[in-house]
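# Coordinates in review
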Amino acid sequence: MPPFAPPCVPVPLPAFEDNYIWTLAGDGGDALVVDPGDPAPVLAAMAEGLRLVGILVTHHHNDHIGGLAALAAAVPGIEIIAPHDERIPQATQRVDDGARVQVAGIDFETLTVPGHTRSHIAFHAGKVGEAPLLFCGDTLFSLGCGRLFEGSPAQMLASLDRLAALPGDTRVCCTHEYTLSNAAFALAVDPHNRALQARAEAVRDLRARLQPTLPVTLAEECATNPFLRCDDPAVRAAVTMRLGRPPADRIETFAVLREWKNVFRA
Ligand code: ZN
Ligand code: FE
């Protein structure tokens, strides 16, 4: 894989233990990065030719913004697009829900997706190269979802519902490589799901070769991710077993799944 993105192909730069800093170049060759928690991999990609002009920020956690100050110093006038949150002081533009922003020649629409944090946002682009793209930070992970640090289960479920309503061929670019451990939990919840079994197998193979499991299509997530399947009879049945009674509604199904995942050990 090249050290930085060829036009219209999202390429993850590994950072820390399991973060990805996504890079994406537009047709003109200018590029953006998403959630640069560490400036070093981005500066290294720039040394190899990445023409960084903008940064998208999904939320304020340090593993997503730790590189902002160094990158702003390295690229005078760089655009840093972030949610309304004073905990991201480096932002040059703050966006609301449904905002349209253009960075590196690529048009994005923002969605507010509270739950992991109260001001978390996601960036969605219609066709970029071959298909739409979603940068969703720590809201939706492959086969999982973010922890609820500043939001309720109802908020997070509503946020996931919004992401799940995007086109099925949308390529999901989340910020963490958690897919292998998420697969163990997903299989505990939904062991007979053939699509999930196949995805888990593919993920084991990718990780054995140290390859990213992302991007993944939204259609594949909707078929395999238990947190997107609160209405599925098998997922409801697993939650009913855990609770000792049927969940009152899909919000309770989601809440039980999230708490179960918090204590799950493979
Ligand atoms: Zn986070
Ligand atoms: Fe994170």
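The structure presented is a predicted model; accordingly, all values stated were derived computationally and were not measured. (Residues numbered from 1 in each chain as written. Chains lettered and ligands numbered in written order. Predicted model: local features only at pLDDT ≥ 70, side-chain atom pairs only at ≥ 80, totals over all residues. Heavy atoms only, no water.)

## Some details on the environment of serine 119
- For serine 119, the location among the structural elements is in the loop between β8 (106–112) and β9 (121–128).
- Filtering out sequence-adjacent residues up to four positions away, serine 119 remains in contact with Thr58, Pro83, His84, Asp85 and Arg87. (Helix = DSSP H or I, 4+ residues; strand = E, 2+ residues; numbered from the N terminus. Contact = heavy atoms within 4.5 Å.)

## Here's the deal with the pattern of salt bridges
- Counting across every chain of the model gives 16 salt bridges.
- Between arginine 118 and aspartate 85 there is a salt bridge, with the nearest N and O atoms lying 3.9 Å from each other. With arginine 118 in the loop between β8 and β9 and aspartate 85 in the loop between β5 (79–83) and β6 (93–95), this residue pair connects regions lying 33 residues apart in the sequence.
- Measuring nitrogen to oxygen at the nearest pair gives 2.9 Å for the salt bridge that ties glutamate 150 to arginine 87. Of the two residues, glutamate 150 is situated in the loop between β12 (144–145) and α4 (153–164) and arginine 87 in the loop between β5 and β6; the sequence distance between them amounts to 63 residues.
- By relative accessible area, which is 28% here, arginine 87 ends up partly exposed.
- Taken together, the salt bridges that share partners define one network made up of Asp85, Glu86, Arg87, Arg118 and Glu150. (Salt bridge = Lys/Arg side-chain N within 4 Å of Asp/Glu carboxyl O. Buried < 20%, exposed > 50% of the residue type's maximum accessible area, 1.4 Å probe, protein only.)

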